[in-house]
Amino acid sequence: MNLYAHTPFCASKCAYCALPSAAMAAGDIPADFPELLAKEFSMRWPGGRFSTVYFGGGTPSMLGAGGLARLGLALRRAGLETIRGAEWTVELNPAPGLIGGGVLGTLADMGANRLSFGVQSLDDGVLAMAGRRHTAAEAVAAVSAARAAGFANIGIDLIAGLPGDDECKWRATLAKAADMGLKHMSVYALTVEPGTALARLAAGGGWTPCADGELLDRLSIAEETLAGAGFRRYEISNYAAEGFECRHNLACWRGEDYLGIGPGAASRIALARRANSADWRAWREGLLAGRTPPADNEEELQPADDAEERFIFGLRMAEGVSPDAFARLHPTAAPLAGRWRKALAGLAANGIAAETAPGRWALTPRGREVADSAIEALL
Ligand code: SF4
């Protein structure tokens, strides 16, 4: 079992972000938020110990060192138990005001052992246009501070195609990132989401987004640069030094169950799927009234649909998928294995997938560019 806890607050809204996070001052965050997260955990915890814990956002450190310490304590009191050697990740914003005040030490004391910084670029002009609250030097300093606080497993996120970026700046960002002693990098292509500041900028003619081909080139440059620095692309958007793949995400992609708590958090437990309401006020009111927080979506899948959903995720990973091995693990998938084998052979004939071992298929470099269509072919 894997736990995801969502903190939906940010100090300000980044220009590209369409996540359901509320921009507010730290002092305006309800003081009972950590305890309410733990209350939801105790109401929805299906039992068992957790292999991974992931505090994501939003910006979890908006809770401050005190709030994070209370969250860790409240979850433990509510019954959170982790297996020996569990991975515990916390997402952080490297802005100085968001990692100071004892946050890093508190996270280490709590048992967190993996940090993921949202860096996005290492060019100050690009960071300013993206509405980030930190400079490149501050991002580098944040990683150094985390290392000094005892964290060895540190990663960052980067985004290709941000306004103001070009191939030269992108190469420079990748080269600097490769030199930061990191263990993990997530590299995403920018999508201009409706309702964001970037969508408004583009609509007003103030910026022209990169063409698809150019974005794909930037992702190829990332793969080449990071491979040269010892990072393996183990999933479409994720690179890691050997042994430092994100175990939380791997577990979710391999089809394990996860419990999501907090506004907007999603869960998959056996056949049940649930996405909490992203409205943090409704989430809070529900819990204060002693009710499970409202859901935006809640459904019980048929066993075959459940098996299909879990199988499909596997195709995003470099390790690929084996219909027969999956059917042995999930007997409800057995009737689907023949169809999957046929679809994968079809994708292989078109250069989208390749058989990497007898009965196991993975996406080719071309397949990774059209992953969503490849996944549709399996459905
Ligand atoms: S810090 Fe992250 S979640 Fe918050 S607005 Fe920026 S990108 Fe979105």
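### Quick look at the pattern of salt bridges
Side-chain pairs of opposite charge can arise where the charged atoms are in close proximity.
Consideration 1: A complete count under the given rule lists 18 salt bridges for this structure.
Consideration 2: Here E319 ties to R254 by a salt bridge, and the two come within 2.7 Å at their closest N and O atoms. Taken together, the residues E319 in the loop between α12 (303-313) and α13 (323-329) and R254 in the loop between α10 (247-253) and β11 (258-261) connect sequence positions 65 residues apart.
Consideration 3: Of the residues examined, R254 reaches a relative accessible area of 43% and is grouped as partly exposed.
Consideration 4: Within the structure, one salt-bridge network assembled from shared partners comprises D257, R268, R273, D306, E309 and R310.

### Some remarks on the site of the ligand
Consideration 1: Around the ligand, the neighbouring residues are C10, S12, K13, C14, Y16, C17, L19, S21, G58, T59, N93 and R132.
Consideration 2: Residue classes in the shell around the ligand are distributed as 5 nonpolar, 5 polar and 2 charged.

### Side note on the state of the cysteines
Consideration 1: Summed over the entire model, instances satisfying the criterion amount to 0 disulfides.
Consideration 2: C252 forms no disulfide, and the closest cysteine sulfur to it belongs to C246, at a distance of 8.1 Å.
Consideration 3: Residue classification places C252 among the buried positions, given a relative accessible area of 13%.

### Things to note about the pairing of strand β4 (residues 50-57)
Consideration 1: Among the 8 residues that make up β4, 7 are buried, leaving the element largely enclosed by the rest of the structure.
Consideration 2: The pairing of strand β1 (residues 2-7) with β4 spans 6 bridges and is classified as parallel. Of the residues in β4, the one forming a bridge with N2 is T52.
Consideration 3: Note that β4 and strand β5 (residues 82-92) share 5 bridges and pair parallel. Pairing of F50 across the sheet is with T82, part of β5.

### Description of helix α7 (residues 167-178)
Consideration 1: Taking 1.5 Å of rise per residue, 12 residues should cover 16 Å, and α7 covers 16 Å from first to last C-alpha, within 8% of that figure.
Consideration 2: Those residues of α7 that sit buried are W170, T173, L174 and A177. Take α7 and look down its axis: the buried residues cluster within an arc of 95°, on one side only.
Consideration 3: Among the structural elements, β7 (154-160), β8 (184-189) and α9 (212-228) are those in contact with the buried residues of α7.
Consideration 4: Here α7 starts with a cap whose side-chain oxygen sits 3.1 Å from the backbone nitrogen of C168, and that cap is D166.

### Some remarks on the side chain of N153
Consideration 1: Structurally, N153 can be placed in the loop between α6 (136-148) and β7.
Consideration 2: With relative accessibility at 13%, the residue N153 sits in the buried group.

### Let's talk about the layout of surface pockets
Consideration 1: Estimated volume of the second largest pocket: approximately 230 Å³.
Consideration 2: As for the second largest pocket, its lining consists of 15 residues, and the residues nearest its centre are R254, G320, F326, L329 and R360.
Consideration 3: Only α12 and α13 provide two or more residues apiece to the lining of the second largest pocket.
Consideration 4: Here the lining of the second largest pocket gets 3 residues from one element, more than from any other, and that element is α13.
Consideration 5: Considering only residue class, the lining of the second largest pocket consists of 7 nonpolar, 4 polar and 4 charged.

### What about the packing of aromatic side chains?
Consideration 1: The full count for this structure, using the stated rule, is 11 aromatic pairs.
Consideration 2: Judged by centre distance (5.6 Å) and plane angle (20°), the ring pair of F41 and W45 falls under stacked.
Consideration 3: Classification of F41 as buried rests on a relative accessible area of 0%.
Consideration 4: Assessed through its relative accessible area of 28%, W45 is described here as partly exposed.
Consideration 5: Summarising the aromatic geometry, the rings of F41 and F50 are spaced 5.7 Å apart at their centres and angled 50° between planes, so their arrangement reads as tilted.

### A few points about the packing of helix α14 (residues 334-349) against helix α16 (residues 371-378)
Consideration 1: With their axes 9 Å apart at the nearest point, α14 and α16 run at an angle of 145° to one another. Judged by the sense of rotation from one axis to the other, the crossing of α14 with α16 is right-handed. From α14, R339, W340, A343, L344 and L347 reach across to α16, where they touch A374, A377 and L378.
Consideration 2: Counted by class, the contact of α14 with α16 contains 7 nonpolar, no polar and 1 charged residues.

Criteria and cut-off values
- Residues numbered from 1 in each chain as written.
- Predicted model: local features only at pLDDT ≥ 70, side-chain atom pairs only at ≥ 80, totals over all residues.
- Heavy atoms only, no water.
- Salt bridge = Lys/Arg side-chain N within 4 Å of Asp/Glu carboxyl O.
- Helix = DSSP H or I, 4+ residues; strand = E, 2+ residues; numbered from the N terminus.
- Buried < 20%, exposed > 50% of the residue type's maximum accessible area, 1.4 Å probe, protein only.
- Near = heavy atom within 4 Å.
- Nonpolar A, V, L, I, M, F, W, Y, C, P; charged D, E, K, R; others polar.
- Disulfide = S-S within 2.5 Å.
- Pairing = 2+ DSSP bridges.
- Expected span 1.5 Å × (residues − 1).
- Arc of directions from axis to C-beta.
- Contact = heavy atoms within 4.5 Å.
- Polar contact = N/O pair within 3.5 Å; in protein donor to acceptor, adjacent residues only side chain to side chain.
- 1 Å grid on protein atoms, 1.4 Å probe; cavity = no way out; pocket = protein on both sides within 12 Å on 5 of 7 lines; lining within 4 Å.
- Points joined across faces, edges and corners; volume = space filled by probe spheres on them.
- Phe/Tyr/Trp six-rings, centres within 6.5 Å; stacked < 30°, edge-to-face > 60°.
- Axes fitted to C-alpha atoms, helices over the stretch in contact; angles between N-to-C directions.
- Left-handed = near helix turned anticlockwise from the far one by under 90°.

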